[in-house]
Structures are given as C-alpha cells and as structure tokens.
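Here are the chains, one letter per residue:
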Amino acid sequence: MKLKTKILLGVTAALMPFALNPASSDAAEVKVGVVLTYSGGAAHLGKQIDQGMQLYMDSHPEAFGGHTVKLIKRDSKRPGGDIAKNAVQELITREGVKILAGFMFSPNAMASAPLATQGKVPMIIMNAGTAWIPSLSPYIARVSFTMWHSGYPLGKYAGTELGCKTAAAGYTDYPPGKDSRNAFKTGFETTGGSLIEDIPMGGPREVPDFTPFFQRVKNAKPDCFFVFVPAGNHATAVVKTYEALAMADAGIRLIGPGDITQDTELQGMGKGAIGMITMHHYAADYDTPQNKKFVAAWKKAYGADSTPDFMAVGGWDGMAAIAHAVKTQNGNVSADGTMAALSGWSFASPRGQISIDADTRDIVMDVNVHKVVQRNGRLAIEVIGTVPQVKDPCKELKIGKCGK
Ligand code: PHB
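The structure contained in this document is the topic of the report that follows. (Residues numbered from 1 in each chain as written. Predicted model: local features only at pLDDT ≥ 70, side-chain atom pairs only at ≥ 80, totals over all residues. Heavy atoms only, no water.)

1. Re unusual backbone geometry
And step 1. Phi is positive for Lys 221, close to 50 degrees, though the residue is something other than glycine.
And step 2. Examined against the element boundaries, Lys 221 turns out to sit in the loop between helix 7 (211–220) and strand 8 (224–228).
And step 3. Although it is not a glycine, Gln 389 adopts a positive phi angle of roughly 40 degrees.
And step 4. With respect to the helices and strands, the residue Gln 389 is situated in strand 14 (residues 378–390). (Helix = DSSP H or I, 4+ residues; strand = E, 2+ residues; numbered from the N terminus.)

Laid out in structure tokens, this is it:
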C-alpha cells in the first residue's frame, strides 16, 4: 500500500511538477461569513460596516497576499440574538466558513459565541461593544471598541474637566447600555462625583418617546446628563428631546459616548447638538492624513454626500485584520492560525494607530474628547483632548464579568 502510494505520487508529481509544491500552489479563496443588520431599523448601520469592509478589499487587494476572500452575507435583522445565532450555525456547518465577521449588536455576538468555540471558527467583532464579549470564546477578537473605552474616561472628564459634581445616566436597557452606564459611573465616582438618577430607557429595537425620562432628569437638576443609546435614529431623538425640554438652559450638560454624535446622524440633529461633549475613537472630521485619505476614498466610492462613521471604520479595520490573517497563513487559514495572527496585530487605521491586545483579544486605541461645533454652516466634531492608547478599562480594572 505504502509502495503503491509512493508510485502514484511519483507519477502525479512527474506529470504535474507544481502540484506538490505548496509555495507555488494556486491562490486560495477564503470563505468569510458576515453577520450584520441588512434590513430593519438598523439596516443603515450594517451598511456602513459592509461598505467599510468592501472599500478595504477593493483598495488593498495586495494585502491578502495573492489570495481572495469570499464574503457570505447573512442578515441578523434585529438585536435579539436568535436570528444571528441561526445564521452563524448555518455559515459554519453548511457553508464551511473559516472566519466569522460583523456583529452589530451585543446580544447577537453573545448568542453566537458558543458556536465559535464549538465549531472552532474565529469571530471578528466589528461593532458590538459590551466589554466582556471576548471572554465568551477564545475564538473572539474585537476591532471596534468597548463601552468602557468611552464611558470610563468620560466619567473622569465630567468630574475633572467639566466640573460636574452630580450626574444622571439614561441608557438603552440592554447589555451595552448597562455596561456604558457602569463605565461612566465608575469613572465619575473616582472624581468624587455622584450619580443621582439612573434611568433605563427602553430596549434597542424601537426609538422610545424620551420625554418622560428626560423630564425626570430635568427635575433632578444634575450638572451632567450621560446618555447611551445605540447609534442611529435613537441618538437624533435624544438631542431633539434635550433641546425641546430646554435642558441646556436649565444648566444640564448632555454628554455620552460618540455613538450619540455619530457622523451619519450629526447634520440631522440641529442646533441642540452644539456644545455636546462625547468621548470616542473616530469622527469623519479627524484631520489626519490617514483619515483624509479614507474619507476621500469613501466619497469617491459611495458619493460626495455620503460620510463614513465609526461603524464604517470598524468594517475597514476588520477587513484589514482578515487580510493580515489570510496573508500570514498563506491562504491556508485555520482557527488557531488566525487567532495567532491577530494577537498583537497593529495597524494604521483611519482612527489612528490600533492594536489587538494579546491577553484580552480586544482593541487598544486612542480615545478622543469630541466637542460638537458649528463650522462653515455645518455641525462638526472638534477634537479637544486625547487619552492615548487605551486598553479596555473594564478588563484592566477587572470589574464584574471582566474580572473572570
Ligand atoms: C451594541 O449592541 O453593542 C452596540 C450597538 C450600537 C452601538 C454601540 C453598541 O452604537
């Protein structure tokens, strides 16, 4: 039998001298399953990530080391977790994808995490921000952010730089909302500040009427009002309600993570947004060569009126991470090989220099203080401060589920 195999191999090798030489094998096509919100109220958010991924692929074919990536897309529709989990199951078992990517909402990433472990398929999180998500599977790496990257430094900033002694927190009542509130509260309390109102404001699917929640805050008269809502139309409604209730005139400052001053929503927010302070890692207005190049490429591809936002950057950076994994493994992609390639990976992103922390598999990046200003007849983001190279504070401080 051994001899027969040897002879057969010999004959094949003689006929096809290249076939047994891996260095000159054909370019690989790596299947990547993409799970995003492609329909429903959050479809425009999924589109940002999708277009960010595509733009990186189209503009950096060389980054894949001569190999290609085939995207197999599935619509997770809503934040509930169930549809995303079924999609992931199907992508792993039927499509045989080597990498999973996307994940807009935390519950979708959380529900899918056990399948990444069982199926041994790495998941690259391009948005979902609940801090402890990577602890749910050794095959998760995140290129987006955690709610603590913004919430914790903003809590400190509110106390030390904005002079707030009291604050109210209003948040969408699901994991990243609670996480964002915890992050803000923890940071704020280090400055001696205290949270005097704590208000869950409905689930992520429907934009609620914020009026009764905001009225409660107005009555409590805090110095700062911290709000987290998932990016998209929730954020515009937040700013409109703040303005309608004349809360700025009542001396209450509206602050939050950059999700509430998302580039794609900003122009529709109106004058009520001017003066808002948010903490985040990206705005399309960033005045750096890397970002200017990115925004120009985006406008060329998707139209002069179109703007990328932090979700688009999550897609772009995530695709750069995938390219790096594919190239490093010369197209022969395995789960452990991919995780090893991503460990410590660093990249010049449109947001600035980023890396994946080898211990936590989470993103390390600069976080900036954003101020909404009016410039040349439009609302713009001005960077008024930077916290350099932030590792997820929840894991650094080992708080709650981040300590496990
Ligand atoms: C999340 O579900 O983790 C999430 C969604 C939208 C955001 C931020 C976090 O803007």
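Next comes the rest of the write-up.
2. Some points on the packing of aromatic side chains
And step 1. Counting across every chain of the model gives 15 aromatic pairs.
And step 2. A ring pair is formed by Trp 345 and Phe 347, whose centres lie 5.2 Å apart and whose planes are at 15 degrees; its orientation type is stacked.
And step 3. Residue class for Trp 345 comes out buried when judged on its relative accessible area of 6%.
And step 4. Of the residues examined, Phe 347 reaches a relative accessible area of 15% and is grouped as buried.
And step 5. In this structure, Lys 401 packs its charged tip against the face of Trp 132, placed 4.1 Å from the ring centre. (Phe/Tyr/Trp six-rings, centres within 6.5 Å; stacked < 30°, edge-to-face > 60°. Buried < 20%, exposed > 50% of the residue type's maximum accessible area, 1.4 Å probe, protein only. Lys NZ or Arg CZ within 6 Å of the ring centre and 35° of its normal.)

3. Topic: the state of the cysteines
And step 1. All told, the structure shown has two disulfides when counted by the stated rule.
And step 2. Disulfide partner of Cys 164: Cys 224, at an S-S distance of 2.1 Å. Where Cys 164 bonds to Cys 224 through sulfur, the torsion about that S-S bond is close to 55 degrees, and the disulfide is right-handed. One end of the pair, Cys 164, is in the loop between helix 5 (147–160) and strand 6 (166–171); the other, Cys 224, is in strand 8, and 60 residues separate them in sequence. Each member of the pair, Cys 164 as well as Cys 224, carries the same accessibility label: buried.
And step 3. Through a disulfide, Cys 394 is tied to Cys 402; the S-S separation comes to 2.1 Å. Its S-S torsion of about 100 degrees marks the bond between Cys 394 and Cys 402 as right-handed, since a negative value means left-handed.
And step 4. The class for Cys 402 is buried, based on a relative accessible area of 10%.
And step 5. Each disulfide in the protein links cysteines that, numbered along the sequence, combine into the pattern 1-2, 3-4. (Disulfide = S-S within 2.5 Å.)

4. Here we look at the pairing of strand 14
And step 1. As paired strands, strand 13 (residues 363–375) and strand 14 are joined by ten bridges and run antiparallel to one another. Among the inter-strand pairings, Arg 375 is bridged to a residue of strand 14, identified as Arg 378. (Pairing = 2+ DSSP bridges.)

5. Brief notes about the pairing of strand 3 (residues 99–102)
And step 1. Burial along strand 3 is two-sided: Ile 99 and Ala 101 facing one way and Leu 100 and Gly 102 facing the other are all buried.
And step 2. Two strands pair when backbone bridges link them, and strand 1 (residues 29–36) and strand 3 are joined in this way by four bridges, in the parallel orientation. Opposite Val 35, over in strand 3, you have Gly 102 as the bridge partner.
And step 3. As paired strands, strand 3 and strand 4 (residues 123–125) are joined by three bridges and run parallel to one another. The partner of Gly 102 across the bridge, within strand 4, is Ile 125.

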